[in-house]
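Summary of the model geometry
Next come the chains, spelled out residue by residue.
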Amino acid sequence: MLRLIATSLCLRCQHVPLLLSNLKACSTLSSVENQQTVEALYELSVDIQKVRKLKGWVLHQNPAYTKEVASLLRDMGASIPIIAHILAVHPEAVLCNPEQLQAQQELWMSVCPNHRQLIGIIEKFPASFFSTSSHLENQGKNIAYFQSLNLNKRIITKLMASAPQSFRRPVEQNQLMVCTLQQAYTELGGDEANMRIWLQKLLSQNPFVLLKPPEVLRQNLLFLKDRGFTTSELLRLLSKLRGFVTELNPDSMCRTLAFSQETIGCSDAELREIILKCPALLYHPESTLAERFEGLLSAGISMSQIIQTPTVLELTTEIVNYRIHRLKSCSYDVSTGSLDMINGTKKDFEMNFGKLQLRRERPLFNPVAPLKGDD
């Protein structure tokens, strides 16, 4: 799943040059550095060398509004170290004029509960806040649209921060994708009363789903339907895949399913049951699955154990080996025990491991043994 997120982020980065060109168009490029900008950044303890190395072109722009940007961030409650960090990782911020920033602040505060939370967002996603004025109209319309869906403001804020491109484009494009998701949900038998919660959860888990063509969702659902999944099973998959169904395509799914079925040696019906338990079999490439199957089998885990707990395939070989090593220290043998002990998140494993340690260290008590008394 992390790999898919990374892939999505890489694809979004293709839009960055467009944003940079818009910012540059508002300023004049000089052959020498703007000394006022450099001095203002020095006063704020910004890492100038880092700026020169990564985005040196910013220092050659004129006009720049370093002091005004810092003042706005300070007024919202940002400390000097936070301001320095923001301007070091996203120095383009100094090219945004004060009026533009004021409009952005008002826009974000329509969904943010307070300035403290907004500063936290700017610190993590500065490029999402320091946007060009040409996007303001689309941003406002998209915010109004998502509010009309009665989505939680926290979810809307998360969408704006992590997938700002979806708010900078015409609202009609987001309406089309949302309508496609809603239609798929109802056609697969989803309860209309729960649609808002379902949509809200899906968008929060994968904000980039909005940027995918609706046809991709339809094609993938049609492919899975042709593989024998019922409508109720497709709804379960759509929910379990957390919006990443739009990151898939029929060709890749066909290859991974064929590989998994051959490796496991199961029927079509059995494969569907395994996929419902572990949707990772749909999106991991054959090379990744081959490595994980091999790692589990070489650790003494049987194929029948994997079939019983297929979600163990979501873990990397390194994580599996580490957890098996930890369990061995408590005399736990995964080849004869349950894979539930190594399954799940890091938190899940630590909890299970802690319980195992307690059972190992706690002395056995025999309730029928006679108690020793004083003679």
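Use the structure listed above.
Below: a short report on this structure. (Residues numbered from 1 in each chain as written. Predicted model: local features only at pLDDT ≥ 70, side-chain atom pairs only at ≥ 80, totals over all residues. Heavy atoms only, no water.)

**With respect to the pattern of salt bridges**
Tallying each qualifying case throughout the model produces six salt bridges. Here lysine 55 ties to glutamate 92 by a salt bridge, and the two come within 3.0 Å at their closest N and O atoms. Here lysine 55, found in helix α4 (residues 48-55), pairs with glutamate 92, found in the loop between α6 (80-89) and α7 (98-109); they are 37 residues apart in sequence, far enough to count as distant. Since its relative accessible area comes to 22%, lysine 55 is described here as partly exposed. The closest approach of N and O atoms between glutamate 137 and lysine 141, which form a salt bridge, is 3.2 Å. Taken as a pair, glutamate 137 and lysine 141 lie in helix α10 (residues 136-148) at a separation of four residues, close to a single helical turn. Its relative accessible area of 54% is what places glutamate 137 among the exposed residues. Taking the relative accessible area as the measure of exposure, lysine 141 reaches 43% and is therefore partly exposed. (Salt bridge = Lys/Arg side-chain N within 4 Å of Asp/Glu carboxyl O. Helix = DSSP H or I, 4+ residues; strand = E, 2+ residues; numbered from the N terminus. Buried < 20%, exposed > 50% of the residue type's maximum accessible area, 1.4 Å probe, protein only.)

**Some words on unusual backbone geometry**
Along the chain, asparagine 62 connects to proline 63 via a cis peptide bond; the corresponding omega equals 5 degrees. Position of proline 63 relative to the elements: it lies in the loop between β2 (61-62) and α5 (66-75). For serine 45, which is not glycine, the phi dihedral falls at a positive 65 degrees. Checked against the element boundaries, serine 45 lands in the loop between α3 (35-43) and α4. According to the relative accessible area criterion, serine 45 is exposed, its value standing at 57%. Positive phi values are uncommon outside glycine, yet asparagine 150 reaches one of about 60 degrees. By secondary structure assignment, the location of asparagine 150 is in the loop between α10 and α11 (153-162).

**So, the environment of histidine 60**
Following the sequence through the fold, histidine 60 ends up in the loop between α4 and β2. Remark: the alpha-carbon pair of histidine 60 and asparagine 34, spanning 26 residues in sequence, is separated by 5.4 Å. A distance of 3.3 Å separates a polar atom in the side chain of histidine 60 from the backbone oxygen of valine 32. (Polar contact = N/O pair within 3.5 Å; in protein donor to acceptor, adjacent residues only side chain to side chain.)

**Digging into the environment of threonine 230**
Tracing the chain through its elements places threonine 230 in the loop between α15 (214-226) and α16 (231-240). Considered as a pair, threonine 230 and leucine 188 are 42 residues apart in the sequence and their alpha carbons are 8.7 Å apart.

**Considering the nonpolar core**
Core analysis: the largest hydrophobic core is formed by 106 residues, its most contacted members being Leu73, Phe130 and Phe146. For this core, the leading source of residues is helix α13 (residues 171-187), giving six residues. Split by domain, this core shows at least three residues from each of two domains, domain 1 (33-130) and domain 2 (251-265 + 280-361). Leave out the neighbours within four places in its chain, and phenylalanine 130 touches Val69, Leu73, Ile86, His90, Ala93, Cys96, Leu101 and Ile122. (Core = buried A, V, L, I, M, F, W, Y, C linked by side-chain atoms within 4.5 Å. Domains from an automatic or database assignment. Contact = heavy atoms within 4.5 Å.)

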